[in-house]
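Spelled out, the chains give:
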Amino acid sequence: MEQKYGLTEGKMKINATVLGDGAWGTAIALLLHLNGHKVSLWGAFPENICEIRKTRENSRFLPGIRIPEEIGLFEDGNEAIKKSELVVLAIPSQFLRSVLRNLNVELFKDKMILNLAKGIENNTLKRVSEVFSEEVKKSKAYAVLSGPSHAEEVSVNQPTAVVVASKSKEYAILIQKIFMNKNFRVYTSNDVIGVELGGALKNIYAIAAGISDGMKLGDNAKAALITRAIAELARLGKILGGKQETFSGLSGTGDIIVTCMSKHSRNRFVGEELGKGRKLNDILASMGNVVAEGVKTTNSAFNLAKKYNVDTPIINEVYSGLYDNKDPRSCLIDLMTRKAKSEF
């Protein structure tokens with residue numbers, strides 16, 4: 001298997017480049033370094049890479065965590081990936097296409113690819129794997145990783161479990177070997193579509209959970225919301241090509257629970273501030289360069305649900321709150337007073 005992907009027999013120490021110096025990209029670079037791999041990190045903001053090089057801390061996106069000297073830091077993406085065997089995509093989904101167009105895509109053709117981004121492109125309604133295949137055309141192998149894994153906890157080696165999906169069972173197992181350690185448990189799947197959708201759509205439900213928190217609706221309301229969110233995710237996800245069991249797993253139920261409950265969730269924070277009465281533009285401006293993927297993904301998911309005629313009441317109300325300036329209280333009333341129906 002290792003020989004198939006350009007690695008010598010038995011070699012599990014690889015050259016890896018992480019494209020994206022946000023919190024999650026930085027945390028994954030740290031994880032790969034901890035596992036003994038040679039790691040390079042590229043960021044879209046040269047000034048941030050220069051600052052990290054000086055201070056060995058990503059104070060903009062992951063403050064308080066030391067970046068080891070052995071992790072290479074690059075302002076030039078092409079230079080970062082030239083000698084790599086594995087390229088990890090940790091670029092927000094709405095910017096991925098433009099980043100790829102500014103790189104020499106020929107460099108990707110002999111690389112293994114792992115995507116971490118969680119979103120759906122707005123203007124095309126395409127998943128990250130579709131965007132990547134359009135821009136790069138061909139790579140050695142592609143996989144996506146998702147699951148309950150906030151960067152703040154992964155970066156300090158707190159335990160979690162994730163899932164990696166690839167159409168190639170062998171490649172999924174290889175990524176599992178590269179990333180897995182005693183605190184980072186990796187499961188495999190062949191459902192690329194489902195894992196991508198679970199990771200993307202959960203951010204919408206985190207905004208809804210944050211609104212609930214901001215309005216102080218209580219534990220019952222939040223538990224009900226999360227439960228119905230899981231059902232809604234599966235309903236839309238299956239229509240879009242994902243598998244039912246995926247949405248009951250780590251990139252469905254697991255991702256929804258953590259991002260709806262965690263103090264680390266940027267999307268839950270956006271919702272909480274909305275629930276308190278703040279305006280979306282003010283909230284996003286206060287976050288600076290930190291991206292809450294769910295804001296854009298809500299737009300994509302709303303339009304996908306309309307395109308495929310799928311009933312998505314939670315997505316619809318979050319969309320109305322974000323893009324139609326609908327008052328959260330009205331969103332709540334409209335959700336609670338819909339026509340009565342059976343649970344299943």
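Our subject is the structure listed above.
Residues numbered from 1 in each chain as written. Predicted model: local features only at pLDDT ≥ 70, side-chain atom pairs only at ≥ 80, totals over all residues. Heavy atoms only, no water.

Participant: Give a detailed account of the environment of Val-291, specifying residues and quantitative values.
Facilitator: Take Val-291: it is sitting in the loop between helix H13 (280–286) and helix H14 (293–308). Residues Val-291 and Ile-91 lie 200 residues apart in sequence; the distance between their C-alpha atoms is 10 Å. Excluding its chain neighbours within four sequence positions, the residues that come into contact with Val-291 are Pro-92, Phe-95 and Arg-266. (Helix = DSSP H or I, 4+ residues; strand = E, 2+ residues; numbered from the N terminus. Contact = heavy atoms within 4.5 Å.)

Participant: Lay out empty space enclosed by the protein in plain terms, naming residues and giving numbers.
Facilitator: Scanning all chains against the criterion turns up one cavity of 30 Å³ or more. Put simply, the largest cavity is a space of about 30 Å³. Together, Leu-31, Leu-34, Val-154, Asn-157, Gln-158, Asn-181, Asn-183 and Phe-184 line the largest cavity. Across the lining of the largest cavity, the residue classes break down as four nonpolar, four polar and no charged. (1 Å grid on protein atoms, 1.4 Å probe; cavity = no way out; pocket = protein on both sides within 12 Å on 5 of 7 lines; lining within 4 Å. Points joined across faces, edges and corners; volume = space filled by probe spheres on them. Nonpolar A, V, L, I, M, F, W, Y, C, P; charged D, E, K, R; others polar.)

Participant: Can you explain unusual backbone geometry? Please cite residues and give values.
Facilitator: In terms of backbone geometry, most residues other than glycine have negative phi values and most peptide bonds are trans. For Asn-157, which is not glycine, the phi torsion reads 65 degrees and is therefore positive. Residue position: Asn-157 is located in the loop between helix H6 (151–154) and strand E9 (160–165). Residue Asn-157 is classed as partly exposed on the basis of its relative accessible area of 35%. (Buried < 20%, exposed > 50% of the residue type's maximum accessible area, 1.4 Å probe, protein only.)

Participant: Provide a residue-level description of the sheet that holds strand E7 (residues 112–115), including the pertinent values.
Facilitator: The strands making up a sheet associate through hydrogen bonds between their backbones, and the pairing can be parallel or antiparallel. Taken in spatial order, the eight strands of this open sheet run E5-E2-E1-E6-E7-E8-E9-E10, and their pairing is mixed. Either end of the sheet is taken by a strand with one partner, and the two such strands are strand E5 (72–74) and strand E10 (184–189). Recorded for the sheet is a direction-independent mean angle of 25 degrees between the axes of neighbouring strands. As defined by bridge partners, strand E6 (residues 86–89) adjoins E7 across four bridges and the pair is classed as parallel. Within E7, the position partnered with Leu-89 by the bridge is Asn-115. Docked against the sheet, helix H5 (residues 128–136) engages E6, E7 and strand E8 (141–146), running at close to 155 degrees with respect to E8. (Pairing = 2+ DSSP bridges. Axes fitted to C-alpha atoms, helices over the stretch in contact; angles between N-to-C directions.)

Participant: Explain the packing of aromatic side chains residue by residue, including any values.
Facilitator: With the rule as written, the count across this model stands at four aromatic pairs. Ring geometry for Phe-132 against Tyr-142: centres 5.8 Å apart, planes inclined by 35 degrees, an arrangement best described as tilted. Remark: Tyr-142 occurs in strand E8 and Phe-132 occurs in helix H5; sequence separation between them is 10 residues. Here Phe-132 matches Tyr-142 in class, with each residue buried. Taken together, the aromatic side chains of Phe-108, Phe-132 and Tyr-142 make up a single cluster linked through ring pairs. Above the plane of the ring of Phe-45 lies Arg-60, whose end atom (NZ or CZ) is 5.2 Å from the centre. (Phe/Tyr/Trp six-rings, centres within 6.5 Å; stacked < 30°, edge-to-face > 60°. Lys NZ or Arg CZ within 6 Å of the ring centre and 35° of its normal.)

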